[in-house]
Amino acid sequence: MPFSSRLATFATLTFSVLALVAQSAPGLAAELPAVPAASTAIQLALPAQVPSIAPAELAAPAVQEAIVTPAQVEEQIAYPTLAAAVADQSIRSDADEDLRCLAGAIYFEARGEPLSGQLAVAEVILNRTRSRRFGGSACDVVTQKGQFSFVRGGRMPEAPTNDDWRTAMAVAKVALKDAWESDAANALYFNHRRAGHANGVRVASIGNHVFYR
């Protein structure tokens, strides 16, 4: 084949291929998925964080009830009379030493006196322990040198186990619990009526004793 004929044939094939490409290009472009110009950020709505609650907090009651011991219940009783308060006291054989010292002062100084007079003697002892000028305990106050005539050599004599002693023990418990208001609540001293006036301000006169502060 002459060179001119080959050139013409090559040109014809080239134009045919170009035509086919031009016709098929739109179809191919249509089949391709469209690519967005910019990515769209997708935000997920997350629920608000719930604070964690410990199991102990869920189980604990909102208000805790106060625990009241039997001793506290006994101290909160309102008695109609001092005699009722004294009669309601239980006396244990293993009473502590301070209770015995307080009862000893009541017994040796005021047995036979009205209950209010016995309670007033106990109040003097307890007021002295609070003042810290006479000793920090009932035994310290009672055995202080030169304060109570029934004390010998810094020791309190042994008290008999009779009705007067049991009454003294009960009065001592009433005084310690503050279960009855004494007429000599502020007294620090007392003496017998026959001893005459003592220094200080008179607080009360009960039975055969006068009480001062």
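Everything numeric here is computed off the predicted structure, so don't read it as measured data.

### Some thoughts on the pattern of salt bridges
With the rule as written, the count across this model stands at 1 salt bridge. Between Arg166 and Asp163 there is a salt bridge; the shortest N-O distance is 2.3 Å. In this pair, Arg166 and Asp163 are both assigned in helix α8 (residues 163–177), 3 residues apart and thus about one turn of the helix distant. When its relative accessible area of 41% is taken as the criterion, Arg166 is described as partly exposed. Judged by relative accessible area, Asp163 falls into the exposed class, the value being 54%.

### Some points on the environment of Gly136
Locating Gly136 in the fold gives a position in the loop between α6 (115–131) and α7 (138–142). Given a relative accessible area of 41%, Gly136 falls into the partly exposed group. In this structure the C-alpha to C-alpha distance between Gly136 and Leu126, which are 10 residues apart in sequence, comes to 9.4 Å.

### Things to note about the sheet that holds strand β2 (residues 202–206)
Spatially, the 3 strands line up as an open sheet ordered β1-β3-β2, and their pairing is antiparallel. Unpaired on one side and paired on the other, β1 (189–192) and β2 mark the two borders of the sheet. Averaged over all adjacent pairs, the angle separating strand axes in this sheet is 20°, with direction ignored. Relative to strand β3 (residues 209–212), β1 is paired through 4 bridges, and the arrangement is antiparallel. Across the sheet, residue Asn191 finds its bridge partner in β3, namely Val210.

### Considerations on the state of the cysteines
According to the stated counting rule, one finds 1 disulfide in the structure shown. Each sulfur of the disulfide joining Cys101 and Cys139 lies 2.1 Å from the other. On the sign convention where negative means left-handed, the S-S torsion of about 90° between Cys101 and Cys139 marks this disulfide as right-handed. One end of the pair, Cys101, is in helix α5 (residues 97–110); the other, Cys139, is in helix α7, with 38 residues separating them in the sequence. Cys101 sits in the buried class, given a relative accessible area of 4%. The class of Cys139 is buried, set by a relative accessible area of 13%.

### What about the nonpolar core?
Ranked by size, the top nonpolar core spans 45 residues in total, and within it Leu102, Ile106, Ile125, Phe148, Val174 and Phe211 carry the most contacts. Apart from residues no more than four positions distant in its own chain, Val174 is found in contact with Leu82, Ala85, Val86, Gln89, Leu119, Ala179 and Trp180.

### A short note on the packing of α6 against α8
Axis separation between α6 and α8 bottoms out at 9 Å; the angle between their running directions is 55°. Between α6 and α8, the interaxial angle falls into the category oblique. Considering how the two elements wind past one another, α6 and α8 form a crossing that is right-handed. Across the interface between the two elements, Leu115, Gln118, Leu119, Ala122, Glu123 and Leu126 of α6 pack against Thr167, Ala168, Val171, Val174, Ala175 and Leu176 of α8. Of the residues contributing to the contact of α6 with α8, the split by class is 9 nonpolar, 2 polar and 1 charged.

### What to know about the confidence of the model for the protein chain
The predicted model of the protein chain has a mean per-residue pLDDT of 76, with 64% of residues at 70 or higher. Here helix α1 (residues 3–31) is the element of the protein chain with the lowest mean pLDDT, 45, and helix α4 (residues 82–87) is the one with the highest, 97. Ignoring residues within four places in sequence, the model shows residues 2–9, a span with pLDDT below 50, making 1 contact including any to other chains. Confidence over residues 13–47 falls short of pLDDT 50; this stretch has 0 contacts with residues more than four positions distant or in other chains.

The rules behind these values
- Residues numbered from 1 in each chain as written.
- Predicted model: local features only at pLDDT ≥ 70, side-chain atom pairs only at ≥ 80, totals over all residues.
- Heavy atoms only, no water.
- Salt bridge = Lys/Arg side-chain N within 4 Å of Asp/Glu carboxyl O.
- Helix = DSSP H or I, 4+ residues; strand = E, 2+ residues; numbered from the N terminus.
- Buried < 20%, exposed > 50% of the residue type's maximum accessible area, 1.4 Å probe, protein only.
- Pairing = 2+ DSSP bridges.
- Axes fitted to C-alpha atoms, helices over the stretch in contact; angles between N-to-C directions.
- Disulfide = S-S within 2.5 Å.
- Core = buried A, V, L, I, M, F, W, Y, C linked by side-chain atoms within 4.5 Å.
- Contact = heavy atoms within 4.5 Å.
- Parallel < 35°, antiparallel > 145°, perpendicular 65-115°, else oblique.
- Left-handed = near helix turned anticlockwise from the far one by under 90°.
- Nonpolar A, V, L, I, M, F, W, Y, C, P; charged D, E, K, R; others polar.
- pLDDT = per-residue confidence, 0-100.

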